[in-house]
Amino acid sequence: MSTLSTMDSIWMRKSCRDFTGESVDGGKLSMVATAGAYAAYSGQIQLTVVTNTDCIKAIDDAVKKVLLASKNKLLMEKAAQDDFSPSYHAPALIVISAPDSEDPTAVNLNYANAGCAAQNIMLAAMYFDLASCCIATLDLAFHHTDLNILCDIPDGFSPILTVAIGKEDNTSPHDVRQVKNINFRR
Ligand SMILES: Cc1cc2nc3c(=O)[nH]c(=O)nc-3n(C[C@H](O)[C@H](O)[C@H](O)COP(=O)(O)O)c2cc1C
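This write-up is about the structure you can find in this document. (Residues numbered from 1 in each chain as written. Predicted model: local features only at pLDDT ≥ 70, side-chain atom pairs only at ≥ 80, totals over all residues.)

## Things to note about the sheet that holds strand β3 (residues 131-135)
Strand order in the open sheet made by the four strands is β1-β2-β4-β3, with antiparallel pairing throughout. Lying at the two open borders of the sheet, with one neighbouring strand each, are β1 (46-50) and β3. Within the sheet, the average angular offset between the axes of one strand and its neighbour, ignoring direction, is 25°. As judged from the five bridges shared by β3 and strand β4 (residues 157-166), these two strands associate in the antiparallel manner. Each residue of the ladder has a partner; that of Ser132, found in β4, is Ile165. On the sheet, helix α2 (residues 26-37) packs against β1, β2 (92-99) and β4 and is oriented at approximately 165° with respect to β1. (Pairing = 2+ DSSP bridges. Helix = DSSP H or I, 4+ residues; strand = E, 2+ residues; numbered from the N terminus. Axes fitted to C-alpha atoms, helices over the stretch in contact; angles between N-to-C directions. Contact = placed C-beta atoms within 7 Å.)

Right under this line is the structure:
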């Protein structure tokens, strides 16, 4: 377990795109998901912890299919690679879903809720020495296929953001970020 302070976790968090493939302890994963459920929210979200390898492969395959049909040359080339895995071969995915809605305000809140949950999840993962990556691309799979049932996404909900969780060999901290997007009006 990490002894990092909250601020150290914030400075050091980085996206992992090179998971070792080693599985994650179920108890830790459950705590990490629970941290997501403890996030600030306005409305409703559902967190689905997917460790079933067939489900993760089905998600990857569905995304690949969408990208191959995208007519975007860059995306098509990427998706055509043999080892292409939009989930980066992570052993666990925490899929964040929200209720389907036509109301733009509710939709905005859904995305905001998902962002808050995802950040809690990523910081909690660090506590357990786990790496993470917030991935929007995986949602392409659910919009185009019947994966919701396979992955146990509740009826009336759609995945809007996923956090991949796993182990990483590279434990170097995040590069120092040149922060230029803060302004103060005093
Ligand atoms: C809402 C959201 C969606 C993202 N979607 C993807 C994605 O589909 N694929 C990916 O590799 N990274 C994705 N990322 C990760 C970003 O690329 C990453 O956070 C950014 O490059 C900054 O790097 P860092 O997380 O290491 O600080 C996403 C991040 C956010 C917040």
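Having seen it, we continue.
## Focus on the nonpolar core
In this structure, Val32, Ile94, Ile96, Ile121, Ala125 and Ile165 are the most contacted members of the largest nonpolar core, which totals 45 residues. Broken down by secondary-structure element, the contributors of at least two residues to this core are α2, β1, α3 (53-68), β2, α5 (104-127), β3, α6 (139-144) and β4. Sort the elements by how many residues they give to this core and α5 lands first, with eight residues. In contact with Ile96, other than residues within four places in its own chain, are Ile45, Leu47, Ala114, Ala117, Ala118, Pro159, Ile160, Leu161 and Thr162. (Core = buried A, V, L, I, M, F, W, Y, C linked by C-beta atoms within 7 Å. Buried ≥ 20, exposed ≤ 12 C-beta atoms within 10 Å, placed from the backbone.)

## Describing the pairing of β2
In terms of burial, β2 is a largely internal element, seven of the eight residues being buried. Two strands pair when backbone bridges link them, and β1 and β2 are joined in this way by five bridges, in the antiparallel orientation. Each bridged residue has a counterpart across the sheet, and for Val49 the counterpart in β2 is Ile94.

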